[in-house]
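These are the residues of each chain, in order.
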Amino acid sequence: MEKKSCYVCGKEALSKNEIGLTKKLLDKNSKRFYCLDCLAEYLEVDTEFLLAKVEEFKEQGCKQF
Ligand SMILES: [Zn+2]
């Protein structure tokens, strides 16, 4: 899979979770990806909320995680 970097801070090699969250929470066709920290800031939530979301999506059997 192509390596993605954070649109905001430029952090490279985003994890599958970070990419999956961007797709699920923003836009599944998004060309911009966010690392966990920047996504939390963008959505005005904390990173723990996002990590809880990852678990939730996993439980739903989402293949992006
Ligand atoms: Zn970032």
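Above this note sits the structure.
Here is what the cut-offs are and how they apply
- Within any chain, residue numbers begin from 1 and follow the written order of that chain's sequence.
- Where totals are concerned, whole chains, interfaces and linings use all residues; where local detail is concerned, this predicted model gives features only for residues with pLDDT of at least 70, and gives and counts side-chain atom pairs only at 80 or more.
- Side-chain figures throughout are based on the complete set of non-hydrogen atoms in the structure, without hydrogens or water.
- Pairing of aromatic side chains here covers Phe, Tyr and the six-membered ring of Trp, requires ring centres within 6.5 Å, and sorts the geometry by plane angle: under 30 degrees stacked, over 60 edge-to-face, intermediate tilted.
- Strands are runs of DSSP state E lasting at least two residues, helices are runs of H or I lasting at least four, and both sets are numbered from the N terminus onward.
- Any residue under 20% of the maximum accessible area for its type is buried, any over 50% is exposed, and the rest in between are partly exposed; the area is computed with a 1.4 Å probe on protein chains only.
- By definition, being over a ring means that NZ of Lys or CZ of Arg is both within 6 Å of the ring centre and within 35 degrees of the ring normal.
- In this analysis, two residues are considered to be in contact whenever any of their non-hydrogen atoms come within 4.5 Å of each other.

**A word on the packing of aromatic side chains**
By the definition in use, this model includes two aromatic pairs. Here the aromatic rings of Tyr-7 and Tyr-34 are separated by 6.1 Å at their centres, their planes lie at 70°, and the arrangement is edge-to-face. Residue Tyr-7 is found in the segment before α1 (16-25), and its partner Tyr-34 is found in the loop between α1 and α2 (36-43); the two are separated by 27 residues along the sequence. Take Tyr-7: its relative accessible area is 46%, and that puts it in the partly exposed class. Summarising the aromatic geometry, the rings of Tyr-34 and Tyr-42 are spaced 5.1 Å apart at their centres and angled 25° between planes, so their arrangement reads as stacked. Residue classification places Tyr-34 among the buried positions, given a relative accessible area of 6%. A network of ring pairs unites the aromatic residues Tyr-7, Tyr-34 and Tyr-42 as a single cluster. Above the face of the Phe-57 ring, Lys-24 is positioned so that its terminal group lies 4.8 Å from the ring centre.

**Observations regarding α2**
The complete set of buried residues in α2 reads Leu-36, Cys-38, Leu-39 and Ala-40. The elements touched by buried residues of α2 are α1 and α3 (47-59). Phi for Glu-44, located one or two positions after α2, is positive at around 60°.

All we've got here are geometric facts, nothing functional implied.
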